[in-house]
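Remarks on the overall topology
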Amino acid sequence: ETGRAGIDLYQQYRDEVKGVLTDMMMPSMQGPEVIHKLRGIDSDVGIVAMSGMLTENPDLKEEPGKLAFLQKPMTAQQLLQAVRRSVSFGRRNQ
């Protein structure tokens, strides 16, 4: 779908969501904008941002427990490690 649709879903289910997996290149809204909008809703949401063409974005840096970047294609193990790097599982919905 689109970044806007993902943001709408997050707003609807945010109390049940521990982390968001997003692509950096999507129709109508790119990953950095999605990340900034999600941070505006919840500054602590864990995000895994993935792309087949990851390039440096000076506004976005990997943050333990908050944001991880993942290069496509990836293995299931790499995805799991990125989720663990980006989501603080003890933080919410205990």
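This text goes with the structure placed above it.
Residues numbered from 1 in each chain as written. Predicted model: local features only at pLDDT ≥ 70, side-chain atom pairs only at ≥ 80, totals over all residues. Heavy atoms only, no water.

**Here's the deal with the layout of surface pockets**
When its volume is computed, the largest pocket comes out at roughly 200 Å³. The wall of the largest pocket is formed by 15 residues, among which Gly-6, Ile-7, Leu-9, Val-20 and Leu-21 lie closest to the centre. When residues of the lining of the largest pocket are traced back to their parent elements, those giving at least two are α1 (3-13), β1 (19-23) and α2 (31-41). Element by element, the count of residues in the lining of the largest pocket is highest for α1, at five residues. Class assignment of the residues belonging to the lining of the largest pocket gives a composition of nine nonpolar, five polar and one charged. (1 Å grid on protein atoms, 1.4 Å probe; cavity = no way out; pocket = protein on both sides within 12 Å on 5 of 7 lines; lining within 4 Å. Points joined across faces, edges and corners; volume = space filled by probe spheres on them. Helix = DSSP H or I, 4+ residues; strand = E, 2+ residues; numbered from the N terminus. Nonpolar A, V, L, I, M, F, W, Y, C, P; charged D, E, K, R; others polar.)

**Side note on unusual backbone geometry**
That bond from Lys-72 to Pro-73 is cis: its omega, -5°, falls within 30 degrees of zero. Following the sequence through the fold, Pro-73 ends up in the loop between β3 (67-71) and α3 (76-86). Of note, the phi angle at Ser-28 is positive, near 70°, even though the residue is not glycine. In this structure, Ser-28 sits in the loop between β1 and α2. Classification of Ser-28 as exposed rests on a relative accessible area of 67%. (Buried < 20%, exposed > 50% of the residue type's maximum accessible area, 1.4 Å probe, protein only.)

**Observations concerning α1**
The complete set of buried residues in α1 reads Gly-3, Ala-5, Ile-7 and Tyr-10. Buried positions along α1 lie against β1 and α2. (Contact = heavy atoms within 4.5 Å.)

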